[in-house]
Amino acid sequence: MSEKFQLQRRHFFGLAAMTAAAVELGATSLANAQSTAAAAGSSGDTAKKSGHTQFAALRQIHAGVLNVGYAEAGPANGPVVLLLHGWPYDIHSYVDVAPILADAGYRVIIPYLRGYGTTRFLSSKTPRNGQQAALAVDMIALMDALKIETAIVAGYDWGARTADILAVLWPQRFKALVSVSGYLIGSQAANRAPLPPKAELAWWYQFYFATERGRAGYAANTHDFARLIWQTASPTWKFDDETFNRSATAFDNPDHVDITIHNYRWRLGLAEGEAKYDAYEARLAKAPVVTIPTITMEGDANGAPHPDPSAYASKFTGHYEHRTIGGGIGHNLPQEAPAEFARAVLDVAKF
């Protein structure tokens, strides 16, 4: 296997430094917002001090092939921050991040990805496609629909991958990037070579989803499945039933199972994508570098497969910084350490 191929493989799966047992799973100024973040104390304390339970209102807008449901906070004329959630989570990952950014004067947009919450396909004939380029194109369509020219983009898990893709394919639309677990862009080609057994074990659910039994199992036990992922990906996060159930309603979306299954099958080359995304995927398969200012982040207790920061540092050629957040912070970093995540967004805006 070539060195380049190995690098793409590592980036796609995020396994460069995974342990053997790892399983994926208000003020009105910037200064005041930073003080709010600092006052939250250590990251471990932050995870236990969630003070918000819901967004003021949800909105809907036609964008591309979707009617997108999204939360919005902050002044309508403020600079935009686009926050992207992962699987199996939802927009409530940012319920404590958004007020900090809004108080700093930012217009914060938090969309439900396709297959989540109140986001719906406009046509029953549109393929329920979860490939990486499709999710990124959805976000460009959303920005166009909202008449947003540029934004800071930030995310984790599926949201981090989507944010990375937005940064490399449309750098003119994004001022800066915050990406949990770094560089997550991949390709079907890079995914063909098998990983070592211990690494494959961490992706057990991906192989489960490759079977019809797995599809049926996920459809029948979606909430229990998601709770298991939350627990294994964030083993020290003591979330309560109310917190989980608030997000779990997003998985009742009629397209959630199809999008989830297609996403993981597409990664393994077991499901086709749509031809209209082929040119984007061809570019992404070359593992292009990110040139816009970036802060990458990682929690010190992330139980999901993730790369060591040294494995992807060279993929960010603009102003770059990495932050590891201590205090038992797991995979859902913005919800577990909202002050630290918000601080990263505020800081990257100054690069």
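For the structure, see preceding data.
I will try to describe carefully the structure that is included in this document.

### Brief notes about unusual backbone geometry
- Of note, the bond from Trp 87 into Pro 88 is cis; its omega dihedral lies within 30 degrees of zero at -10 degrees.
- By the element assignment, Pro 88 lies in the loop between strand 3 (80-84) and helix 4 (97-103).
- Although it is not a glycine, Lys 147 adopts a positive phi angle of roughly 60 degrees.
- By the secondary structure assignment, Lys 147 is in the loop between helix 5 (132-145) and strand 6 (151-155).

### Points about the packing of helix 5 against helix 6 (residues 158-169)
- Axis separation between helix 5 and helix 6 bottoms out at 9 Å; the angle between their running directions is 70 degrees. Between helix 5 and helix 6, the interaxial angle falls into the category roughly perpendicular. Residues Gln 132, Leu 135, Ala 136, Met 139 and Ile 140 of helix 5 pack against Trp 158, Arg 161, Thr 162, Ile 165 and Leu 166 of helix 6.
- Taken together, the residues of the contact of helix 5 with helix 6 break down into seven nonpolar, two polar and one charged.

### Quick look at the side chain of Asp 90
- Checked against the element boundaries, Asp 90 lands in the loop between strand 3 and helix 4.
- As a buried residue without a salt bridge, Asp 90 has its nearest oppositely charged side chain in Arg 246, at a separation of 6.8 Å.
- A polar atom in the side chain of Asp 90 sits 2.5 Å from the side chain of Ser 247.
- Residues in contact with Asp 90, not counting those within four places in the same chain, are His 85, Tyr 112, Tyr 156, Arg 246, Ser 247 and Ala 250.

### Describing helix 6
- The terminal C-alpha atoms of helix 6, which comprises 12 residues, lie 16 Å apart, in line with the 16 Å expected from a rise of 1.5 Å per residue.
- Summarising burial for helix 6: 12 of the 12 residues are buried, a large majority.
- Along helix 6, the residues that are buried comprise Trp 158, Gly 159, Ala 160, Arg 161, Thr 162, Ala 163, Asp 164, Ile 165, Leu 166, Ala 167, Val 168 and Leu 169.

Procedures and definitions
Residues numbered from 1 in each chain as written. Predicted model: local features only at pLDDT ≥ 70, side-chain atom pairs only at ≥ 80, totals over all residues. Heavy atoms only, no water. Helix = DSSP H or I, 4+ residues; strand = E, 2+ residues; numbered from the N terminus. Axes fitted to C-alpha atoms, helices over the stretch in contact; angles between N-to-C directions. Parallel < 35°, antiparallel > 145°, perpendicular 65-115°, else oblique. Contact = heavy atoms within 4.5 Å. Nonpolar A, V, L, I, M, F, W, Y, C, P; charged D, E, K, R; others polar. Buried < 20%, exposed > 50% of the residue type's maximum accessible area, 1.4 Å probe, protein only. Lys, Arg positive; Asp, Glu negative; His and termini not counted. Salt bridge = Lys/Arg side-chain N within 4 Å of Asp/Glu carboxyl O. Polar contact = N/O pair within 3.5 Å; in protein donor to acceptor, adjacent residues only side chain to side chain. Expected span 1.5 Å × (residues − 1).

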